[in-house]
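# Geometric and topological summary
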Amino acid sequence: MSKEARPSWDSPMQFVLACVSYAVGLGNVWRFPYLCQMHGGGGFLIPYLLMLVLEGIPLFCMELAIGQKMRLGSIGAWTAINPYLGGLGIASVVTSMYLCLYYNVINAWSFWYLFHSFQSVLPWAECPVNSNRTGYLEECEVASPTQYFFYRETLNISSSIDENGGIHMGQALCLLLAWIIVYLFIVRGVKSTGVVVYFTATFPYVVLIIYLIRGMTLHGAWNGVKYMFTPKLEQLANPQTWINAATQIFFSLGLGFGSLIAFASYNHHNNNFERQAIVVSLINSGTSVFASIVTFSIYGFKATFNYESCLERMRLLLLNTFDLSEETISIENVSSWISHLNYTHPERFAAIASKIEDCSLEAELDTAVEGTGLAFIVYSEAIKNMPLSQLWSVLYFIMLLLLGMGSMLGNVTAIITPLGDLKFLSRTLSNETINGLVCLLCFLLGFGFTSRSGNYWFTIFNEYAATFSLLFIVFIEVISVCYIYGLRRFEKDIEDMLGHRPNWYWKVMWAVISPVLLISLFIFYIINYIQGGTPTYQAWDKDLGKSVVKEYPVYGQAFIALLLVSSVSCVPLAALYAFCRRKQRGTPIRQQTASAASSDI
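Residues numbered from 1 in each chain as written. Predicted model: local features only at pLDDT ≥ 70, side-chain atom pairs only at ≥ 80, totals over all residues. Heavy atoms only, no water.

Inclusion rule: UniProt positions are given in the numbering used here, feature names are shortened, and annotations may be inferred rather than shown by experiment.
Under an unreviewed UniProt entry, the chain has the name Transporter and belongs to Culter alburnus. Reading the Subcellular location (unreviewed entry) entry of the UniProt record for the chain gives the comment "Membrane". A UniProt comment under Sequence similarities (unreviewed entry) is attached to the chain, and it reads "Belongs to the sodium:neurotransmitter symporter (SNF) (TC 2.A.22) family."

### A look at the overall build of the chain
Rules: Helix and strand assignments follow DSSP, with helices taken as H or I runs no shorter than four residues and strands as E runs no shorter than two, numbered in order from the N terminus. Under the scheme applied here, a residue whose accessible area is under 20% of the maximum for its type counts as buried, over 50% as exposed, and between as partly exposed, the area being computed with a 1.4 Å probe on protein chains only. Contacts: residue pairs with any heavy atoms within 4.5 Å of one another. Accessible surface area values rest on a Shrake-Rupley calculation with a 1.4 Å probe, where residue burial reflects the displayed protein chains alone.
When its secondary structure is counted, the chain shows 28 helices and two strands. With 601 residues in all, the chain has 57% of them scored as buried. Look at the contacts in the chain between residues 6 or more apart in sequence, and 81% of them connect residues 24 or more apart. Just so you have it, the chain exposes about 25000 Å², and 62% of that area is on carbon and sulfur atoms.

### Notes on the packing of helix 6 (residues 86–115) against helix 9 (residues 169–186)
Relative orientation and spacing of two packed helices are given, respectively, by the angle between their axes and the distance between those axes. Basically, it comes down to this: As a rule, the C-alpha atoms of each element are fitted with a line to give its axis, helices using only the stretch in contact, and angles between N-to-C directions run from 0 to 180 degrees. Roughly parallel here means an angle under 35 degrees, roughly antiparallel means over 145, roughly perpendicular means 65 to 115, and every remaining angle is called oblique. Rotating anticlockwise by less than a right angle from the far helix to the near helix defines a left-handed crossing, while the corresponding clockwise rotation defines a right-handed one. Any residue outside Ala, Val, Leu, Ile, Met, Phe, Trp, Tyr, Cys, Pro, Asp, Glu, Lys and Arg is labelled polar, Gly included; the first ten of those are nonpolar and the last four are charged.
One can describe the packing of helix 6 onto helix 9 by two numbers: an axis separation of 8 Å at closest approach and a directional angle of 110°. For the element pair helix 6 / helix 9, the angle class is roughly perpendicular. Note that helix 6 runs across helix 9; the crossing there is right-handed. Residues Cys100, Asn104, Val105, Asn107, Ala108, Trp109, Phe111, Trp112 and Phe115 of helix 6 touch helix 9, and the partners they reach there are Gly170, Gln171, Cys174, Leu175, Leu177, Ala178, Trp179, Ile181 and Val182. Tallied by class, the residues present in the contact of helix 6 with helix 9 amount to 14 nonpolar, four polar and no charged.

### Quick notes on the environment of Ser354
With respect to the helices, strands and loops of the structure, Ser354 is situated in the loop between helix 17 (346–352) and helix 18 (361–366). Taking relative accessible area as the criterion, Ser354 reaches 70% and is therefore assigned exposed. Each C-alpha atom, one on Ser354 and one on Thr467, is 45 Å from the other, the two residues being 113 residues apart in sequence.

### A look at the pattern of salt bridges
This is how it is decided: A pairing counts as a salt bridge when a side-chain nitrogen of Lys or Arg comes within 4 Å of a carboxyl oxygen of Asp or Glu.
Within the structure shown, the criterion is met by eleven salt bridges. Among the salt bridges present, the one from Asp421 reaches Arg6, with a minimum N-O distance of 2.8 Å. In this pair, Asp421 sits in helix 20 (residues 389–421) while Arg6 sits in the segment before helix 1 (12–23), placing the two residues 415 residues apart along the sequence. Like Arg6, Asp421 is buried. The salt bridge partner of Lys69 is Asp493, with a shortest N-O separation of 3.8 Å.

### Details of the packing of helix 9 against helix 20
Look at helix 9 against helix 20: their axes get within 10 Å of each other, and the N-to-C directions meet at 65°. Considering their axes alone, helix 9 and helix 20 lie roughly perpendicular with respect to each other. When you trace helix 9 past helix 20, the crossing you get is right-handed. Together, Ala178, Trp179, Ile181, Val182, Phe185 and Ile186 of helix 9 and Met405, Met408, Leu409, Val412 and Ile416 of helix 20 make up the contact between the two elements.

### Observations concerning the state of the cysteines
Worth spelling out the cut-off: Count a disulfide wherever a pair of cysteine sulfur atoms falls within 2.5 Å.
Taken as a whole and assessed by the stated rule, the structure comprises two disulfides. Sulfur-sulfur distance for the disulfide between Cys127 and Cys140 comes to 2.0 Å. Judged by the sign of its S-S torsion, about -85°, the cystine formed by Cys127 and Cys140 is left-handed. Taken as a pair, Cys127 in the loop between helix 6 and helix 7 (138–142) and Cys140 in helix 7 lie far apart in primary sequence, 13 residues in all. Bridging Cys310 to Cys359, the disulfide has an S-S length of 1.8 Å. Taking the torsion about the S-S bond as the criterion, the Cys310 to Cys359 disulfide, at about -75°, is left-handed.

### Description of the side chain of Glu274
Rules: Positive residues here are Lys and Arg, negative ones are Asp and Glu, while His and the chain termini are left out of the count. Polar contacts here mean pairs of N or O atoms no more than 3.5 Å apart (in protein, one a potential hydrogen donor and the other a potential acceptor; neighbouring residues in sequence count only if both atoms are side-chain atoms).
Take Glu274: it is sitting in helix 15 (residues 273–321). Buried charge without a salt bridge: Glu274, with Arg275 as the nearest opposite-charge side chain at an N-O distance of 8.3 Å. Side-chain polar atoms of Glu274 contact the side chain of Trp506, separated by 2.9 Å. When near neighbours in sequence (up to four residues on either side) are disregarded, Glu274 contacts Cys61, Leu498, His500 and Trp506.

### So, the UniProt feature "binding site: Na(+)" (unreviewed entry) in the chain
On the UniProt side, "binding site: Na(+)" (unreviewed entry) is annotated at positions that read Ala23, Val24, Asn28, Ser252, Asn284, Leu403 and Ser407 here. Separation in sequence by 385 residues is not matched in space for these annotated residues, since their most distant C-alpha atoms are only 12.5 Å apart. Within the element layout of this structure, Ala23 appears in helix 1. Other than its neighbours up to four places away in sequence, Ala23 contacts Asn28, Ser252, Leu253 and Asn284. With respect to the helices, strands and loops of the structure, Asn284 is situated in helix 15. Excluding residues that lie within four positions of it along the chain, Asn284 makes contacts with Ala23, Val24, Asn28, Ser252 and Leu253. Reaching out from Asn284, the side chain makes a polar contact with the side chain of Asn28 at a distance of 3.1 Å.

### Thoughts on helix 13 (residues 239–252)
Note the cut-off: Under the convention used throughout, the expected extent of a helix is 1.5 Å for every residue step, that is, one less than its residue count.
Counted at 1.5 Å a residue, the expected span for helix 13 with its 14 residues is 20 Å, and the 20 Å between its end C-alpha atoms agrees. The element helix 13 is largely enclosed, with a buried count of ten among its 14 residues. If you check which residues of helix 13 are buried, you get Thr241, Ile243, Asn244, Ala245, Ala246, Thr247, Gln248, Ile249, Phe250 and Ser252. Sitting at the head of helix 13, Asn238 places a side-chain oxygen 3.1 Å from the backbone nitrogen of Gln240. Gly254 sits one or two residues past helix 13 and shows a positive phi near 75°.

Dropping the structure here:
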């Protein structure tokens, strides 16, 4: 496909919505609120917004500029910049492939929960009865109905990664459905994606607004919101707070996957990507804060519900133990009664001392949960206690699906765009066929995540498949643009597209600040990984009804190492391949670079 015949977005708004749909994902809902909770509530916004300015917006703008100038996917764009850098695009494609394999599994879980929401009683609202119908299932009783539904009904999880078990057919069908929908969304490239993003980028905000209105009317919601906006400024002295702020900005914007380069490659030559980079970055961060307000209102409701339930249990325990009238003890004065009865009736109180719980609203609010634990357990726990719980469940899981599907559009585009740019593929296969084969391959490779041990492999991919490689990829990107391609040359390219050169802010960020931040994060990741010792994972123990820590077996550790190395090794291997080809042809590198920049891949 020639650059002249390359399809393009129907309008700049389509491109902005595609970037918003891609960048605003599940991490905004389940990762950012967790970080706020861990690092000082509203005080976390200070390092977060600072990192947005120093790292997020400049790197986002750089990737858009590369894609729009080269009008190629990641592999073609970096090869055009320098033949030795083709491996950078390949590394991005490999990382995006890893992400696609496990990310769509989350969409499959959302489908599973959505389908089970259309019942008179939500299946995670109460424990199922045992086979003798004499009581509830023991695993559910020792855990909770929401945990049981997630770990047993949804995952049918094994007790360790070593126990494979069979395929969960319900999950397998949900995963198939998720991939079919992804294919329908991207079947005609930007022509179909451009239509879909109007819905995937906007409807989640409708649901969030509805949830905000509902959340603020829930009993105890303000306890959660106050908790979020009460800054604990002492956390600013914690280096981990700044590191987490930087990594959250980095991954939330989707840098390094090649998706932004692919999206921008369908822009018109004079599109104002600079303004769009700022707008999309601010929308993404604003959404994180907005989603946190919604999440903390739900947190407040759940924490208050659990706190008052604890007080009510203590009230009933005291009433049943001591000769007191019903009106004597209320949940407002139960704590003082515990102290009073312990002082006046020490012997009788000693008999129930082991049953006394320490009820604390602050402790409930301090319980930090992220990821699937927040999305599928904590939220489900809160939803089941709401009036019209089925309605709120349907809305919530539709929102999760749209957030997940919107991100999947970018993830898959990062793969299919570079493949579509390859002449030998585009000459023999139609774009629809290439897109279908990519989706089919990802589905087949991701099929193992629906086995009983699949969630443990999901965790490996989630924790190790992208973080290390993306830090490496984006660091090499910014170094390549500034010091190999040349910052002045890059400035001229931007002037050619926008009519003006980038100001001092962009140049200082690209040349100095962002590389320093990236290399610091990269070094920290390596040190943290080495000091962490043997990698561990959370295994579900059905007898205890909770997760326990286990070490990965040797083959699991070897697979982690393979994931860490496989994508980043593409960069030196492709450079070595380019060098060998150059030696065979006897072509000077400058001539080869000029040739690559002036022709299609």
